[in-house]
Amino acid sequence: MLHESRFYTKLYGEDDGKVNQSPSPKKSVQCNLCGKMCKIRENSLGFCNTQKNIEGKLYSINYQRIASSHIDPIEKKPLYHFLPGSSTYSLGGFGCNFSCLNCQNYMLSMNSFNEFNSTKILPETIVKNAINNNCLSISWTYNEPTLYFDFARETSLIAHEKNLRNVYVSNGFMSEESLDETLMFIDAFNIDLKFYSDELYRKICGGRLDIVLDNLKAIYQAKNKRKAHLEITTLLINDLNTDEDHIKSICSFVLEELGSEVPIHFSRFFPMHRMNDRSPTNIDYLLRAKEIAVEMGLEYVYLGNMPADNNTYCPNCGELLMARERYCNSDKNRIRNGHCTNCGHKINMIFD
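All figures in this text were calculated on a predicted structure; none of them were measured in a lab.

Draft legend 1. Highlighting the sheet that holds strand E15 (residues 264–268). Taking strand neighbours across the sheet as the criterion, the 8 strands line up as E8-E9-E11-E12-E13-E14-E15-E16 in an open arrangement whose pairing is mixed. Each edge of the open sheet carries a strand with a single partner, namely strand E8 (68–73) and strand E16 (301–304). Put simply, the sheet's adjacent strands are angled 20° from each other on average, direction ignored. Here 5 bridges tie strand E14 (residues 229–236) to E15, and the two strands are oriented parallel to one another. Opposite threonine 234, over in E15, you have phenylalanine 266 as the bridge partner. In the packing of helix H6 (residues 209–221) onto the sheet, the strands contacted are strand E13 (188–192) and E14, and the crossing angle to E13 comes to about 160°.

Draft legend 2. Main features of the pattern of salt bridges. In this structure the tally under the stated criterion is 10 salt bridges. Here lysine 77 and aspartate 72 are joined by a salt bridge, their closest N and O atoms 3.1 Å apart. Across the pair, aspartate 72 and lysine 77 agree in class, each one buried. Residue glutamate 295 is joined to arginine 288 by a salt bridge in which the shortest nitrogen-to-oxygen separation is 3.6 Å. The class of glutamate 295 is exposed, set by a relative accessible area of 59%. Through salt bridges with shared partners, one network takes in Glu244, Arg288, Glu291 and Glu295.

Draft legend 3. Seen up close, the nonpolar core. Ranked by internal contacts, the top residues of the largest apolar core, which has 81 residues, are Ile138, Trp140, Phe189, Leu193, Leu216, Leu230 and Phe266. A per-element tally of this core places H6 first, with 7 residues. Apart from the residues lying within four places of it in its own chain, the contact partners of leucine 216 are Ile191, Leu193, Leu230, Ile232, Phe253 and Leu258.

Conventions adopted
Residues numbered from 1 in each chain as written. Predicted model: local features only at pLDDT ≥ 70, side-chain atom pairs only at ≥ 80, totals over all residues. Heavy atoms only, no water. Pairing = 2+ DSSP bridges. Helix = DSSP H or I, 4+ residues; strand = E, 2+ residues; numbered from the N terminus. Axes fitted to C-alpha atoms, helices over the stretch in contact; angles between N-to-C directions. Contact = heavy atoms within 4.5 Å. Salt bridge = Lys/Arg side-chain N within 4 Å of Asp/Glu carboxyl O. Buried < 20%, exposed > 50% of the residue type's maximum accessible area, 1.4 Å probe, protein only. Core = buried A, V, L, I, M, F, W, Y, C linked by side-chain atoms within 4.5 Å.

It is worth stressing that arrangement in space is one thing and function is another; only the former is reported here.
Structure representation (structure tokens):
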């Protein structure tokens, strides 16, 4: 089903420059959904393969179509400080505005929709499925949720009416315009901060560092919007972003531009997609990354894709606040009314 996109500009009569090939540039448009700002000729798709120019209008061809859905622990997103111990209704589809060489879901992100490889689903059905499976939230994940803006917005507004929360697991490369509206209906974000290097962002992902950093600041500050919960994930890859200076740069950004209470997840890389020749990340790099982050003052630091102590401790007194054996053990929750039961320190944890 086609749905006219919310964010685009008509470029009729202009010289398109480097745009996708098509018979005529006369009805070109610029997609304003993400940081790529694709200029798209008539009858052509944008980089992400989800936005199509049809007779001078831009349409989302993935509207009400998904490739996969699943019931997941919220910690799998990963979100450790948002509705801990709950289940989330996860869904996603095809396409991405990045081209990461190490993509874990490349079978989805590097392909496009058709009537045979995707399933039509209504927003009301998504909400009903979440409720029937005792989920407290709906997570847009598996591929880049920015590309689902219209579908996600419609679904999320219905979800809020039913007291469900909404989650984006995203690369953080949305446009300022689309993020501004996304903040109206998304309750929690996990954003990938893949590198603290514009060169690596361009080389490995086909993106830009500055846009991701600006969006992280916008999500954290959320001026005049409902303040959304934020967590960050950085996948550490041997010899790319594992040196101490790189880790310190990431931590400094979080401390100086966001806040020490923002949870960060350092995750272990495994060979995938076009990086099959690389070895899994040396565990010592991840352990050292956590040490650096804690030493610099980050309050909640976790390690992913490896065995680790991922319990939550009070950053003030060190009290064990929440035990996790892979996922949350709600029976070992020592947080009351948002504070540590031992010393009263305010804890950045959302329970409802």
